[in-house]
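Now for the letters of each chain:
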Amino acid sequence: MNEALNTDSGADAPNVPGDGESLSPVVAAILGTAVAAAAKRGGNGDVVRGLIAGLRILRATVEEEAGYTMAAAVDNAIRTRLLADNLSRLRVSGEKPQAIPLPAPGPGASAAAAIFESAAESCLTVNAHAEDNGPLEHAVFAFTAQLLQQLGGAPEWRSLAGELRRPLAVAPDGEGEEVTLH
């Protein structure tokens, strides 16, 4: 994914972060804007569905670009975050946390999915301009953390994994259409 780096010394403004600079604030801003936009267009369940759609884009891109092993690493990162949330809740309450069911898609789920898919693609663009995959890792972590916050807990891993591995939707005419909401 780093093939898009602009390392031309004659470029007016190189798109590589300077020493010590991080692109994580950019990823956080993209996600924050997406959450606010999706919340205006739908309910909490729709935002959850949108976050899942964004995570699906991130995972599918990793699998396409880097293969199954790297996609499994993304799955492990998400699953580890769910486990950490459950362990934190167990430590605080002393009771085993119950899995939160994924909400059914509501009337604003399509709009939320489009918003978060665009946000995920923006995060992938930021990652393409980074020296490493730090922005991608941050995006997976941030999307997952936001999912946990919106749900109020961790969903069952199998149901979430099934949603993340579901094939991406294809336009009826067979050609994918890109939608940019930023």
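Within every chain, residues take consecutive numbers counted from 1 along the sequence as written. Local features are withheld for residues below a pLDDT of 70 in this predicted model, meaning they are given only at 70 or higher, and side-chain atom pairs are given and counted only at 80 or more; totals for whole chains, interfaces and linings count all residues. Based on all heavy atoms of the structure, the side-chain values leave hydrogens and waters out of the count.

Could you give an account of the packing of aromatic side chains, with specific residues and numbers?
Each pair of aromatic rings taken from Phe, Tyr and Trp, with Trp reduced to its six-membered ring, is defined by centres within 6.5 Å and is described as stacked if the planes are under 30 degrees apart, edge-to-face if over 60, and tilted in the remaining cases. Counted under the stated rule, the structure contains one aromatic pair. When the ring of Phe 116 is compared with that of Phe 143, the centres are 6.2 Å apart and the planes differ by 75°; the resulting orientation is edge-to-face. Taken together, the residues Phe 116 in helix H4 (residues 109–128) and Phe 143 in helix H5 (residues 134–151) connect sequence positions 27 residues apart. When its relative accessible area of 0% is taken as the criterion, Phe 143 is described as buried. Helix and strand assignments follow DSSP, with helices taken as H or I runs no shorter than four residues and strands as E runs no shorter than two, numbered in order from the N terminus. Three exposure classes are used, based on accessible area relative to the maximum for each residue type with a 1.4 Å probe and protein chains only: buried under 20%, partly exposed in between, and exposed over 50%.

Let's hear about helix H6 (residues 157–164): which residues, and what values?
Taken together, the buried positions of H6 are occupied by Trp 157, Leu 160, Ala 161, Glu 163 and Leu 164. Down the axis of H6, the smallest arc covering the buried residues is 160°, so these residues share one side. When checking whether two residues touch, look at their non-hydrogen atoms; a contact exists if any pair is within 4.5 Å. Where H6 is buried, its residues meet helix H2 (44–66), helix H3 (68–93) and H5. What the arc covers is the set of directions going from the helix axis to the C-beta atoms.

Outline the nonpolar core, supporting the account with residue identities and numerical values.
Generally speaking, soluble globular proteins have nonpolar side chains that are buried together. We call a set of buried residues a nonpolar core when its members are Ala, Val, Leu, Ile, Met, Phe, Trp, Tyr or Cys and they connect through side-chain atoms within 4.5 Å of each other. Counting residues in each nonpolar core, the largest one holds 39 residues, and the members touching the most others are Leu 58, Ile 78, Phe 116, Phe 143, Leu 147 and Leu 160. Looking at this core, the elements that each hand over two or more residues are helix H1 (24–41), H2, H3, H4, H5 and H6. For Leu 147, the contacting residues outside a window of four places in its chain are Val 48, Leu 51, Ile 52, Leu 55 and Leu 160.

I'd love a proper account of the pattern of salt bridges, names of residues and values included.
Should a side-chain nitrogen of Lys or Arg be within 4 Å of a carboxyl oxygen of Asp or Glu, the pair is scored as a salt bridge. Enumeration over the complete set of coordinates arrives at seven salt bridges. The partner of Asp 75 in a salt bridge is Arg 59, with the nearest N and O atoms 2.6 Å apart. Pair noted here: Asp 75 is in helix H3 and Arg 59 is in helix H2, with a separation of 16 residues, a long-range link. Looking at Arg 59, the relative accessible area reads 5%, which means it is buried. For Arg 166, the salt bridge identified is with Glu 163, shortest N-O distance 2.7 Å. Here Arg 166 falls in the partly exposed class, since its relative accessible area comes to 41%. On the basis of relative accessibility, which here comes to 16%, the residue Glu 163 falls in the buried class. Each of the salt bridges in this network shares a partner with another, and the network as a whole consists of Arg 49, Arg 56, Glu 163 and Arg 166.

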